[in-house]
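Here is what each chain is made of, one letter per residue.
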Amino acid sequence: INAEYGDNTLIIFTSDNGPWEYKCDLAGSHLPFEGLYQKSEYGGGSTGKMTTWEGGHRVPFIASWPGHISPGSVSDDLSSALDILPTLAQIVGFTLPPDRVFDGVPLSFVQPANSPRVLFIPDADVEEISVFRWDQYKVYFATFSIPDCAGKKGKSRLRDPDLPLVFDLSTDPAESTPVTNLTKEFYDLLVNSKNEIQESIDNTFRSTVDWRKDEKFVACCNPDAKYCSCSKFGLRGVSKKFYM
């Protein structure tokens with residue numbers, strides 16, 4: 001960072017997902033977020049990238065902003081990459097469009113966090129919310145498995161919609177033992193929270209693209225094309241030239 005702007009620059013370091021267990025030693029480690037319940041009760045399989053277990057989406061997040069973030073400080077606030085957009089918008093004084101719902105909230109170094117927070121965890125394989133965080137609790141309405149390093153794939157499970165699987169991550173980050181001493185009122189609270197999240201998503205406009213009709217995205221092997229999907233270059237979605 002240029003010294004002229006270093007004291008007025010916010011730097012954020014993070015990642016988009018946890019280690020990809022299928023890649024074995026090349027993927028790194030997601031300890032202590034092991035997803036042990038999947039390993040012990042559901043026949044194994046990966047609990048890393050592409051799963052909703054903690055090891056699949058728990059990522060590092062480091063921010064530096066002289067004069068605004070104290071050096072060496074640590075926050076336990078529940079946050080997400082979805083929070084980066086509203087954080088930057090608030091910092092620069094930009095008002096987000098009011099005609100849609102934004103899932104993120106400004107990070108606590110620009111706005112005090114509200115607790116408990118409900119944060120949904122996207123799952124690419126299903127259309128409905130299957131997992132979310134409610135404060136320190138991780139709530140599963142369904143679990144899904146993908147192959148691990150050895151190619152072993154465990155079982156996927158749909159839960160009773162009124163009795164989700166719940167882990168207390170404050171005492172069990174490995175997700176080994178579900179919490180069982182919950183009251184019906186608390187289960188009802190979790191179910192209602194899930195339904196509110198789903199309703200918000202269903203009622204929010206989402207743009208779609210029909211790749212079959214857009215000529216910019218036809219299959220090609222032209223390295224000079226801005227948009228190209230061709231295994232010849234080992235790339236998908238963009239040409240080799242554009243990727244570099």
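Our structure's up above, just so we're on the same page.
Residues numbered from 1 in each chain as written. Predicted model: local features only at pLDDT ≥ 70, side-chain atom pairs only at ≥ 80, totals over all residues. Heavy atoms only, no water.

Caption draft 1: View of the pattern of salt bridges. Taken as a whole and judged by the stated rule, the model has 6 salt bridges. We note a salt bridge from arginine 58 to glutamate 54, for which the minimum N-O separation is 2.7 Å. Between aspartate 83 and arginine 117 there is a salt bridge, and its shortest N-O distance comes to 2.8 Å. Linking aspartate 83 in the loop between β2 (61-64) and α3 (84-92) with arginine 117 in the loop between α3 and β3 (118-120), this pair joins segments that are 34 residues apart in sequence. Looking at arginine 117, the relative accessible area reads 13%, which means it is buried. Linked through salt bridges whose partners overlap, the residues forming this network are Glu54, Arg58, Lys138 and Glu175. (Salt bridge = Lys/Arg side-chain N within 4 Å of Asp/Glu carboxyl O. Helix = DSSP H or I, 4+ residues; strand = E, 2+ residues; numbered from the N terminus. Buried < 20%, exposed > 50% of the residue type's maximum accessible area, 1.4 Å probe, protein only.)

Caption draft 2: Highlighting the state of the cysteines. All chains considered together, the criterion is met by 1 disulfide. Each disulfide pairs two cysteine sulfurs, and for cysteine 24 the partner residue is cysteine 149, the sulfurs being separated by 2.0 Å. Because the sign of the S-S torsion sets the handedness, a value of about 105 degrees for the bond joining cysteine 24 and cysteine 149 places this disulfide among the right-handed ones. Here the residue cysteine 24 occupies a position in the loop between β1 (11-14) and α1 (36-41), and cysteine 149 occupies one in the loop between β6 (142-143) and β7 (157-158), the gap between them amounting to 125 residues. By relative accessible area, which is 29% here, cysteine 24 ends up partly exposed. (Disulfide = S-S within 2.5 Å.)

Caption draft 3: Structural detail: the pairing of strand β5 (residues 137-140). Of the two faces of β5, both are covered, the one formed by Tyr137 and Val139 as well as the one formed by Lys138 and Tyr140. Bridge analysis of strand β4 (residues 131-134) against β5 gives 4 bridges, and the strand direction is antiparallel. Directly across from arginine 133, in β5, lies its bridge partner lysine 138. Taken together, the 4 bridges between β5 and strand β8 (residues 165-168) define a ladder with antiparallel strand orientation. Bridge assignment links valine 139 to a residue of β8, and that residue is valine 166. (Pairing = 2+ DSSP bridges.)

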